[in-house]
Amino acid sequence: MRAMNKDGFALFETAIGRCAIAWGARGIVGVNLPDGREAATRARMQQRFPTANETSPPVTVKAAIERIAALLRGEQSDLSAIALDMDAVPPFHRRVYQAARAVPPGTTVSYGEIAAQAGSPGGSRAVGQALGRNPFAIVVPCHRVLAAGGKVGGFSATGGITTKLRMLAIESARAPGGKNTGVAGGAEPSPPFAFDTVAAVTHLRAADPILGRLIDRVGPFAMQRDHTASIFAALAQAIVYQQLSGKAAATIYARVRALFPRVHQGPTPQQILRASDEKLRGAGLSRSKLLSLRDLAQRTKDGALPTLDDVHQMDDEAIIESLTEVRGIGRWTAEMLLMFRLGRPDVLPADDYGVRKGYALAFKKRALPTREQLQKHGARWKPYRSVAAWYLWRALDAAKAETP
């Protein structure tokens, strides 16, 4: 690996949230898993590496970031070639980290096995302590090291064991003997979020017993995040889907994408602006949606619309204010993007019929709550109102399923 710029760090997007990486002249000096909110992750990096400046990473670090992000998407990705600067790492810890790096994705080993490879048979506790201080999360895959008997063991990152299980589930790892380490009972793991979904559900149960009973009926939180490539792509799809059934909207959106067959992530702003009205209307777009798509494309091209990198620096209300300047994009659409694309934990779409109806059903109200009533009651759900909203949607789904 070529020499790097000295003392730098950067945050980057992954399937489990915004991670961070720091580097020096001799290689990577630290990798940090998400700390709940981006500001906390940034503060942690500034604390760990006080002489480092947040800056654009050099080519070699960008390559490392791409490999890490690919691994966390569940893809095959080899991190063994990423150069780590271990000059400040104690000799025993260094041997432990080298042994852990040899454990491939999709497999696990025990603390005892790592201890033996590090030249300290019987030193399981010392291995656990070394891994608890692992400065190179993911690159040194301490999440693949389990306690005796296939038990999960501890994990020092934010989210603790929940984060460890999530990462193992992404890699489809299994404990010795074929026991699935992801979720008890073989259930599908929860989708990746930057916040601890288990802690969110625990908070909601304690804050609101009635909502807690709904949670008991529905089961684990299983909201799926969208992974569209850009804010433009997410909003373009949202515009097409407005005021249509899911099936009809999917058909029209597929026709729009088929107009640009060489682009796998959907049309670009430039393509929308170059396409004729006849071509776009021929895919099934209404006049109003055509105008909205063109306005969205023009604002994106002009740099007036925030990018994915931009929104990570913005709070929820600032994002809503920016996006609702686009023709055809209202508060509800912006809130859906906050929840399902950005994974923000504390969004309450108080104008959404499904949320209001779900609230009336769960709380046995004869009338739908007003926006103000829902916001007032929902204050107790902070900072996890997105999770509460998802459960209220499920209450409506359950009622529909029970109706002949």
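This section reports on the structure supplied with the text.

The number of helices and strands found in the protein is 19 helices and 6 strands. Computed over C-alpha atoms, the radius of gyration of the protein comes to 24 Å, within 12% of the 22 Å expected from 2.2 N^0.38 for 404 residues, which places it in the range of a compact globule. Along the first, second and third principal axes, the C-alpha atoms of the protein reach 70 × 50 × 40 Å. Expressed as a percentage of the 404 residues in the protein, the buried residues total 49%. Summarising the internal contacts of the protein: among those between residues at least 6 apart in sequence, 61% fall at separations of at least 24. On the protein, roughly 19600 Å² of surface is accessible, and the fraction owed to carbon and sulfur atoms is 51%. Between the centroid of the 54 positive side chains of the protein and the centroid of its 35 negative side chains there is a distance of 4 Å.

This next bit is on the pairing of strand E3 (residues 27-32). In regular strands, side chains alternate between the two faces of the sheet. In terms of residue burial, E3 counts as a mostly covered element, since 5 of its 6 residues are buried. What sits between the antiparallel neighbours strand E2 (residues 17-24) and E3 is a turn of 2 residues.

You can see Pro135 is positioned in the loop between helix H5 (124-132) and strand E6 (145-146). Separated by 161 residues in sequence, Pro135 and Leu296 place their C-alpha atoms 42 Å apart. Residue contacts for Pro135: discarding those within four places in its chain leaves Val29, Gly30, Val31, Arg48 and Tyr97.

Another aspect to go through is the state of the cysteines. Such a bond, covalent and formed between the sulfur atoms of two cysteines, is termed a disulfide. If you walk through the whole model with that rule in mind, you get 0 disulfides. You can see Cys19 has no disulfide; the closest cysteine sulfur is in Cys142, sitting 12 Å from it. Since its relative accessible area comes to 0%, Cys19 is described here as buried.

Looking at the secondary structure, you find Val198 in helix H7 (residues 197-207). Placed 22 residues apart in sequence, Val198 and Pro220 show a C-alpha to C-alpha distance of 8.7 Å.

On to H5, then. Of the positions making up H5, those classed as buried are Val127, Ala130 and Leu131. Along the long axis of H5, the arc covered by the buried residues comes to 95°, so they all point the same way. Contact partners of the buried residues in H5: helix H3 (91-101), helix H4 (111-117) and E6.

Calculation notes
Residues numbered from 1 in each chain as written. Predicted model: local features only at pLDDT ≥ 70, side-chain atom pairs only at ≥ 80, totals over all residues. Heavy atoms only, no water. Helix = DSSP H or I, 4+ residues; strand = E, 2+ residues; numbered from the N terminus. Rg over C-alpha atoms; globule rule 2.2 N^0.38 Å. Buried < 20%, exposed > 50% of the residue type's maximum accessible area, 1.4 Å probe, protein only. Contact = heavy atoms within 4.5 Å. Areas by Shrake-Rupley, 256 points an atom, 1.4 Å probe, with all protein chains shown as cover. Lys, Arg positive; Asp, Glu negative; His and termini not counted. Charge placed at Lys NZ, Arg CZ, Asp CG, Glu CD. Pairing = 2+ DSSP bridges. Disulfide = S-S within 2.5 Å. Arc of directions from axis to C-beta.

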